[in-house]
Amino acid sequence: MWTFTSDVEEYAAVAEPFLLGDPVGNTVPLTVLANLRAGMPAKDARFGWWTVDGEVRGAAFRTPPFPIGLAVMPVDAIAPLVEALGRDIPTLVGRLELTDEVRRLMGPPKREISERLYRLGTLRVPDVPGRGRPAEPADFPLLVSWYQAFGDEVALGEGDAAESIARRLAARELFIWEAEGAPVSFAALSPAAGGVCRVGPVYTPPSCRRRGYGAAVTAYASRAGLAERCDQVVLFTDLDNPTSNAIYQAIGYEPVSDYAHITYS
């Protein structure tokens, strides 16, 4: 049975213990929950949990304008979820076996992005000229422009760039790689949730690519997370981008599971 609420604390009280049972697989729902508690705006948010014989076995959330997010859960929870949502599923992201079931029920989506979740094993820091540093308030205009460029490039709604950068700067979640004294790449690191931090997005402007800066800033952010914030670091990649998948594996990230981001409208 699916139960829904707009009260984040009601949802957390019921679903968080379940989500913490797999903090790597549930990195996104746990991070969203942490951000909401920290004051991230979420107009018209809705949260749900799936129970079987009184035991929570799944969870889902909707925080517009972002996709409906699925926690790790049994495939047989998906058909009741689709019906409970009135088949109103503009965009959705979750593990591949779950999104495949949505496809079976709803038909082919208008767009699908294949993703892979990676977990950091042994970090291998690349030998790249330059240095990493935490982002500073003076970086705000540059980071907003890069964040907008990232959103345009991947064609996914990332919300209001200025609001997101301001919030993440204040939370010390943004890191920059400098080469010859100038910023050339940035990476974000989510707050720890269940002992797990997640890197993303990572962005290098086109004029600075193919020089290892994305790998360098990812390694820098990952090391900062392990040193100061969390026990494990994860990230998602677009499987249609073999370069980024190879780069992250080269610095120590190991595949965990496949996901899909599907769009119906």
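Numbering of residues begins from 1 in every chain and follows the order in which that chain's sequence is written. Per-residue local features are limited, in this predicted model, to residues with pLDDT of at least 70; the limit for side-chain atom pairs, both in listing and counting, is 80 or more; totals at the level of whole chains, interfaces and linings are taken over all residues. The side-chain quantities take in all heavy atoms of the structure and omit both hydrogens and water.

Trainee: Sorry, what's going on with the pairing of strand 9 (residues 182-189) here?
Mentor: The side chains of a regular strand alternate, residue by residue, between the two faces of the sheet. We call a residue buried when its accessible area falls under 20% of the maximum for its residue type, exposed when it is over 50%, and partly exposed in between, using a 1.4 Å probe and counting protein chains only. Elements are defined by DSSP. Helices are runs of H or I of four residues or more, strands are runs of E of two residues or more, and each kind is numbered from the N terminus. Counted residue by residue, strand 9 has six buried out of eight residues, so it is predominantly covered. In this description, strands pair whenever DSSP reports at least two bridges between them. Bridge count between strand 8 (residues 174-179) and strand 9: six bridges; the pairing is antiparallel. When the sheet's bridge partners are listed, Ile176 is paired in strand 9 with Phe186. When strand 9 meets strand 10 (residues 196-203), the two strands line up antiparallel, connected through three bridges. The residue bridging Leu189 from the neighbouring strand is Val199, located in strand 10. Where strand 9 hands over to strand 10, the hairpin turn is made up of six residues, of which Gly194 adopts a positive phi near 65°.

Trainee: What am I meant to see in helix 2 (residues 27-37) here?
Mentor: Note: α-helices contain 3.6 residues per turn, so residues at a spacing of three or four share the same orientation. Burial within helix 2 is extensive, with eight of its eleven residues counted as buried. When helix 2 is considered as a whole, its buried residues turn out to be Thr27, Pro29, Leu30, Thr31, Val32, Leu33, Asn35 and Leu36.

Trainee: When you look at the packing of helix 5 (residues 140-154) against helix 6 (residues 161-170) in this model, what are you seeing that I'm missing?
Mentor: Under this scheme, a helix contributes an axis fitted over its contacting stretch, all axes are lines through C-alpha atoms, and angles between N-to-C directions fall in the 0 to 180 degree range. With their axes 9 Å apart at the nearest point, helix 5 and helix 6 run at an angle of 125° to one another. Relative to helix 6, the element helix 5 is oriented oblique. Judged by the sense of rotation from one axis to the other, the crossing of helix 5 with helix 6 is right-handed. Mapping the contact onto sequence places Phe140, Leu143, Val144, Tyr147 and Gln148 in helix 5 and Ala161, Ala162, Ser164, Ile165, Ala166 and Leu169 in helix 6. Split into classes, the residues belonging to the contact of helix 5 with helix 6 amount to nine nonpolar, two polar and no charged. Should an angle lie under 35 degrees it is considered roughly parallel, over 145 roughly antiparallel, and from 65 to 115 roughly perpendicular; all remaining angles are considered oblique. Crossing handedness: left-handed means the near helix sits turned counterclockwise from the far one by under a right angle, and right-handed means the same turn made clockwise. The contact rule is simple, with two residues in contact once any of their heavy atoms fall within 4.5 Å. Charged means Asp, Glu, Lys or Arg here, nonpolar means Ala, Val, Leu, Ile, Met, Phe, Trp, Tyr, Cys or Pro, and polar covers whatever is left, Gly included.

Trainee: What is the right way to read the packing of aromatic side chains from this model?
Mentor: The relation between two aromatic rings is expressed through the spacing of the ring centres and the mutual angle of the planes. Here is the rule: rings of Phe, Tyr and Trp (six-membered ring for Trp) pair when centre to centre is within 6.5 Å. Planes less than 30 degrees apart are stacked, more than 60 are edge-to-face, and the remainder are tilted. Applying the stated criterion to the full structure yields eight aromatic pairs. With centroids separated by 5.9 Å and ring planes inclined at 65°, the aromatic side chains of Phe175 and Tyr220 adopt a geometry described as edge-to-face. Here Phe175, found in strand 8, pairs with Tyr220, found in helix 7 (residues 213-228); they are 45 residues apart in sequence, far enough to count as distant. With centroids separated by 6.4 Å and ring planes inclined at 75°, the aromatic side chains of Tyr248 and Tyr253 adopt a geometry described as edge-to-face. For the residue pair Tyr248 and Tyr253, the accessibility class agrees, reading buried in each case.

Trainee: Which parts of the structure should I look at to understand the nonpolar core?
Mentor: Taken as a class, soluble globular proteins show a tendency for nonpolar side chains to be buried jointly. Residue types Ala, Val, Leu, Ile, Met, Phe, Trp, Tyr and Cys, when buried and joined through side-chain atoms within 4.5 Å, form a set referred to as a nonpolar core. Core analysis: the largest hydrophobic core is formed by 26 residues, its most contacted members being Trp177, Val199, Tyr213, Val233 and Tyr253. Elements supplying a minimum of two residues to this core: strand 6 (111-120), strand 8, strand 9, strand 10, helix 7 and strand 11 (232-238). Here this core gets seven residues from one element, more than from any other, and that element is helix 7. If we ignore the near neighbours within four places in the chain, the residues touching Val233 are Tyr118, Arg119, Leu120, Leu189, Cys197, Val199, Ser222, Leu226 and Tyr253. In this structure, Ala77, Leu81, Ile89 and Leu98 belong to the second largest nonpolar core, which totals 18 residues.

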